[in-house]
Amino acid sequence: QVRLVESGGALVQAGGSLRLSCAASGRTFSRYAMGWFRQASGKEREFVASINWNGGSTSYADSVKGRFAISGDNAKNTFYLQMNSLKPEDTAVYYCALADTIRLPTIRREYDYWGQGTQVTVSS
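Residues numbered from 1 in each chain as written. Predicted model: local features only at pLDDT ≥ 70, side-chain atom pairs only at ≥ 80, totals over all residues. Heavy atoms only, no water.

*Asks:* Would you mind going over the overall build of the chain with me for this structure?
*Replies:* The helix and strand tally for the chain stands at 0 helices and 11 strands. Counted from the first residue to the last, the chain has its helices and strands arranged as β-β-β-β-β-β-β-β-β-β-β. Against the 2.2 N^0.38 benchmark of 14 Å for 124 residues, the chain shows a C-alpha radius of gyration of 13 Å, consistent with a compact globule. When its C-alpha atoms are laid out on the principal axes, the chain stretches across 40 × 30 × 25 Å. Considering only intrachain contacts with a sequence separation of at least 6, the fraction spanning at least 24 residues in the chain is 60%. As displayed, the chain has an accessible area near 6400 Å², and 44% of this comes from carbon and sulfur atoms. For the chain, the separation between the mean place of its 14 positive charges and that of its 10 negative charges on side chains is 2 Å. (Helix = DSSP H or I, 4+ residues; strand = E, 2+ residues; numbered from the N terminus. Rg over C-alpha atoms; globule rule 2.2 N^0.38 Å. Contact = heavy atoms within 4.5 Å. Areas by Shrake-Rupley, 256 points an atom, 1.4 Å probe, with all protein chains shown as cover. Lys, Arg positive; Asp, Glu negative; His and termini not counted. Charge placed at Lys NZ, Arg CZ, Asp CG, Glu CD.)

Written as structure tokens, this is what we have:
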């Protein structure tokens, strides 16, 4: 079993920055992908970013390209989402997820494990 715990969510003004963290524990995988998704109130959960196990490949939603950066520290079993130039439309609960795959999935159903989420609120 895998446990994912997000942290770092907060209330921030538009234009500000936040760094979310996702600490992973439990079963280990030789090949995997980590992803960040978000879900705004009343909306579907949507893909934000993903990274493969060695950090060699990343993928971003068009809405966050150039503003967000995903990274990982395998030694700490922790993954990050650096969010810059935040906008009110970035307000959502952010979830990290792990996929037991060699690919770099961007679809929710391809992820096997999920964290509980952390709230990000961007005020205008």
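Structure shown, so let's carry the discussion forward.
*Asks:* Help me understand the layout of surface pockets in this model?
*Replies:* With a probe scaled to a water molecule rolled over the atoms, the places where space remains empty come into view. A volume near 170 Å³ is recorded for the largest pocket. Lining the largest pocket, in full, are Val2, Ala24, Ser25, Gly26, Arg27, Thr28, Phe29, Tyr32, Met34, Asn77, Phe79 and Leu98. It is strand β3 (residues 18-26) that provides the largest number of residues to the lining of the largest pocket, a total of 3 residues. The residue inventory of the lining of the largest pocket, partitioned by class, reads 7 nonpolar, 4 polar and 1 charged. (1 Å grid on protein atoms, 1.4 Å probe; cavity = no way out; pocket = protein on both sides within 12 Å on 5 of 7 lines; lining within 4 Å. Points joined across faces, edges and corners; volume = space filled by probe spheres on them. Nonpolar A, V, L, I, M, F, W, Y, C, P; charged D, E, K, R; others polar.)

*Asks:* Please clarify how the packing of aromatic side chains should be interpreted in this entry.
*Replies:* Each aromatic ring pair is summarised here by two numbers: the centre-to-centre distance and the angle between the ring planes. Enumeration according to the criterion identifies 6 aromatic pairs in this entry. Judged by centre distance (5.7 Å) and plane angle (75°), the rings of phenylalanine 37 and phenylalanine 47 are edge-to-face. A residue pair is termed long-range when its members are at least 10 positions apart, and phenylalanine 37 in strand β4 (residues 33-39) and phenylalanine 47 in strand β5 (residues 46-52) qualify at 10 residues. Here phenylalanine 37 matches phenylalanine 47 in class, with each residue buried. On the basis of an interplanar angle of 80° and a centroid distance of 5.2 Å, the ring pair of phenylalanine 37 and tyrosine 111 is categorised as edge-to-face. Here phenylalanine 37 is found in strand β4, whereas its partner tyrosine 111 is found in the loop between β9 (92-99) and β10 (113-114), with 74 residues between them in sequence. Note on accessibility: phenylalanine 37 and tyrosine 111 belong to one class, buried. (Phe/Tyr/Trp six-rings, centres within 6.5 Å; stacked < 30°, edge-to-face > 60°. Buried < 20%, exposed > 50% of the residue type's maximum accessible area, 1.4 Å probe, protein only.)

*Asks:* Before we go on, may I ask you to explain unusual backbone geometry in this structure?
*Replies:* Even without glycine at this site, asparagine 77 takes up a positive phi of about 55°. Within the element layout of this structure, asparagine 77 appears in the loop between β7 (68-73) and β8 (78-83). Classification of asparagine 77 as partly exposed rests on a relative accessible area of 42%. A positive phi is found at serine 85, a non-glycine position, where the angle reads about 50°. With respect to the helices and strands, the residue serine 85 is situated in the loop between β8 and β9. Using a relative accessible area of 41% as the deciding quantity, one classes serine 85 as partly exposed.

Structural measurements only, silent on function.
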